[in-house]
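Now for the letters of each chain:
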Amino acid sequence: MSRNREFSTPHDLDEPTRQALYDLFLVLADTKHLLGLRYGEWLGAPAIEASIASVAMAQDEFGHARLFYGLLREFHEAGIPEREEVPSEYRNFEGLDRVWDSWLDFIAANVLVDGALSVQIESLQNSSYVPVRRMVAKILQEEAFHHQHARGWLLRLAREGAKPKAELEKALKRIWEPLLQWLGRPGSEHERALVEAGIQDTDSEGLRARFIERFGPLLIEEAGLDLPLSSDAITGQWVLGTALSWEDWDDAFRRRSRTGPDPETFRQIESFRKHEYPVGS
Amino acid sequence: MEFGEVYEIFARQRRVEPLKHIGTVVAPNEDLAAAYARSIYNEEPWIEMRVVARRHLIPAIELGTTRSPA
């Protein structure tokens, strides 16, 4: 088994594993970058305290994105070409492509997108890929704070009355399926390479199981929301009520379409990218 | 401004120091009290920060119940 193997650079990995890990890091970097951008747009949150917290979370996400972009450099040195800076090459979670319509979309993403990112990153805690292992602890510590904010707002909105609760449900449902898919397609080449090399500690089904075990109690039991998720009466295990459809799913991009962020968002990213991310220099 | 109740915030910067009161925050629940406290009181490099609802502080001497000092 791969238990004792360790990899210090992309050169140590075989070609399919190197590509799979590069794809994962780029997905994480782009998703955190776009999440940071969206969080930062909410200086108009319902309360000044929430605005300040949003900006603090934006700052964290940009920092995490910078770390993951930094990991890509060595992959480029190992022969993987740099991606072209066009929207269709962006690998952010598709729910971040365009500006959020309401604070409810903010909270839905704060709960689900931040949560899925955390579950994915937790699976790298004991990674055989040494450079990522070093940065995971600090990221997860900051994510714990994001979860506290998400949880606080979710419960507040869910208990504020029938209307805000229904609106919140709608916002959660808008990203529900692509988000669960975002954790990966069962049996994909990508997850097989990452799990076999000991880079990630479980496959996509394992990640989804962790995700619903963590969020089932909060969404269904505490918040009383109506989502396709329930716990088995006998085993207590959380199960998804809907089967995920993998048609058009792209394993490398973790998206159903390669459209990338909308033109307005891309203009913002572009101007930001020009400043470069000087990691470790 | 947020609505809700008042939470008292305690923090320290070094292990050898005790937690000391640094301020308050108003929030509708405990999770948001912690989230707000952490993002608002972020100038100092705290190693520990705790919040507690003011109503959970147990009164030993209450305002207005003691005689003014002689």
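The numbers attached to residues start from 1 for each chain and follow its sequence in the written order. As they are written, the chains are lettered A onward and the ligands numbered 1 onward, keeping that order. The predicted origin of the model limits local features to residues at a pLDDT of at least 70 and limits the giving and counting of side-chain atom pairs to 80 or more, whereas totals for whole chains, interfaces and linings rest on all residues. Side-chain measures were taken over the full set of non-hydrogen atoms in the model, leaving aside hydrogen atoms and water.

Engineer: Got a sec to walk through the overall build of chain A? Specific residues and values, please.
Structural biologist: Each helix corresponds to a stretch of at least 4 residues labelled H or I by DSSP, and each strand to a stretch of at least 2 residues labelled E; elements are numbered beginning at the N terminus. Scanning chain A for helices and strands turns up eight helices and two strands. Radius of gyration means the value over C-alpha atoms here, while the globule rule gives 2.2 Å times the residue count to the 0.38 power. Compactness check: chain A gives a C-alpha radius of gyration of 18 Å against a globular reference of 19 Å for 281 residues, within 12% of the reference. Exposure categories follow from relative accessible area, calculated using a 1.4 Å probe and restricted to protein chains: below 20% of the type maximum is buried, above 50% is exposed, and the middle band is partly exposed. Burial analysis of chain A (281 residues in total) assigns 56% to the buried set. Contacts are residue-level and defined by heavy atoms, with any inter-residue pair within 4.5 Å sufficient. Restricting to contacts in chain A with at least 6 residues of sequence separation, those with at least 24 account for 80%. Accessible areas in this description were obtained via Shrake-Rupley with a 1.4 Å probe; residue shielding takes into account the shown protein chains only. For chain A, the computed accessible surface area is about 12,300 Å², with 50% contributed by carbon and sulfur atoms.

Engineer: Pulling in residues and values, what's your account of the environment of Leu57 of chain B?
Structural biologist: All names here are of chain B. Structurally, Leu57 is set in the segment after strand S3 (48–53). We classify Leu57 as partly exposed; its relative accessible area is 41%. In this structure, the C-alpha to C-alpha distance between Leu57 and Pro28, residues 29 residues apart in sequence, is 18 Å. Once residues within four sequence positions are removed from consideration, Leu57 is found in contact with Glu8 and Val52.

Engineer: Give a description of the nonpolar core that names residues and reports values.
Structural biologist: We call a set of buried Ala, Val, Leu, Ile, Met, Phe, Trp, Tyr and Cys residues a nonpolar core when their side-chain atoms join them within 4.5 Å. Phe68, Leu154, Phe211 and Leu219 of chain A are the most contacted members of the largest nonpolar core, which totals 97 residues. Non-local contacts of Leu219 of chain A, meaning those with residues more than four positions away in its chain, are made with Val111, Leu112, Leu154, Leu172, Trp176, Gly224, Leu225 and Leu227 of chain A.

Engineer: Any chance you could break down the pattern of salt bridges for me, citing the residues and the numbers?
Structural biologist: Oppositely charged side chains are able to pair whenever their charged atoms sit close together. Residue and element names in this part refer to chain A. Any Lys or Arg side-chain nitrogen found within 4 Å of a carboxyl oxygen on Asp or Glu counts as a salt bridge. Using the criterion set out here, one finds 29 salt bridges over all chains in the structure. Glu222 is paired through a salt bridge with Arg151; the nearest N and O atoms lie 2.9 Å apart. Remark: Arg151 occurs in helix H4 (residues 130–158) and Glu222 occurs in helix H7 (residues 204–222); sequence separation between them is 71 residues. Looking at Glu222, the relative accessible area reads 35%, which means it is partly exposed. For Asp251, the salt bridge goes to Arg185, with nearest N and O atoms at 2.8 Å. Taken together, the positions of Asp251 in the loop between strand S2 (238–240) and helix H8 (263–273) and Arg185 in the loop between helix H5 (162–182) and helix H6 (189–196) put the pair 66 residues apart, joining distant regions of the chain.

Engineer: Talk me through the interface of chain B and chain A; I want residue IDs and the actual numbers.
Structural biologist: Contacts between the two partners involve 14 residues from chain B and, on the opposite side, 18 residues from chain A. Roughly 1,300 Å² of surface becomes buried between chain B and chain A when both sides are summed, with 61% attributable to carbon and sulfur atoms. Accessible area that two parts lose when put together, with a 1.4 Å probe and added across both, is what the buried area reports. Interface area lost by chain B to chain A is led by Asp31, Arg38 and Ser39 of chain B, which between them contribute 34%. Put simply, chain B and chain A have two salt bridges between them. Here a polar contact means two N or O atoms within 3.5 Å. Within protein one must be a hydrogen donor candidate and the other an acceptor candidate, and residues neighboring in sequence count only if both atoms are side-chain atoms. Here chain B is connected to chain A by five residue pairs in polar contact (both at pLDDT 80 or more). Here the element with the most residues in the side of chain B that touches chain A is helix H1 (residues 30–40) of chain B; it accounts for eight residues. Partitioning the side of chain B that touches chain A into residue classes produces nine nonpolar, two polar and three charged. Three residue categories are used. Nonpolar comprises Ala, Val, Leu, Ile, Met, Phe, Trp, Tyr, Cys and Pro, charged comprises Asp, Glu, Lys and Arg, and polar comprises the others, including Gly.

Engineer: Give me helix H1 (residues 15–40) of chain A: which residues, what numbers.
Structural biologist: Along an α-helix, residues three or four apart share an orientation, since each turn contains 3.6 residues. Helix length check: H1 of chain A (26 residues) gives 37 Å between terminal C-alpha atoms against 38 Å at 1.5 Å per residue, within 8%. For H1 of chain A, a buried count of 22 out of 26 residues is recorded, marking the element as mostly surrounded by other parts of the structure. By this rule the span expected of a helix is its residue count minus one, scaled by 1.5 Å.

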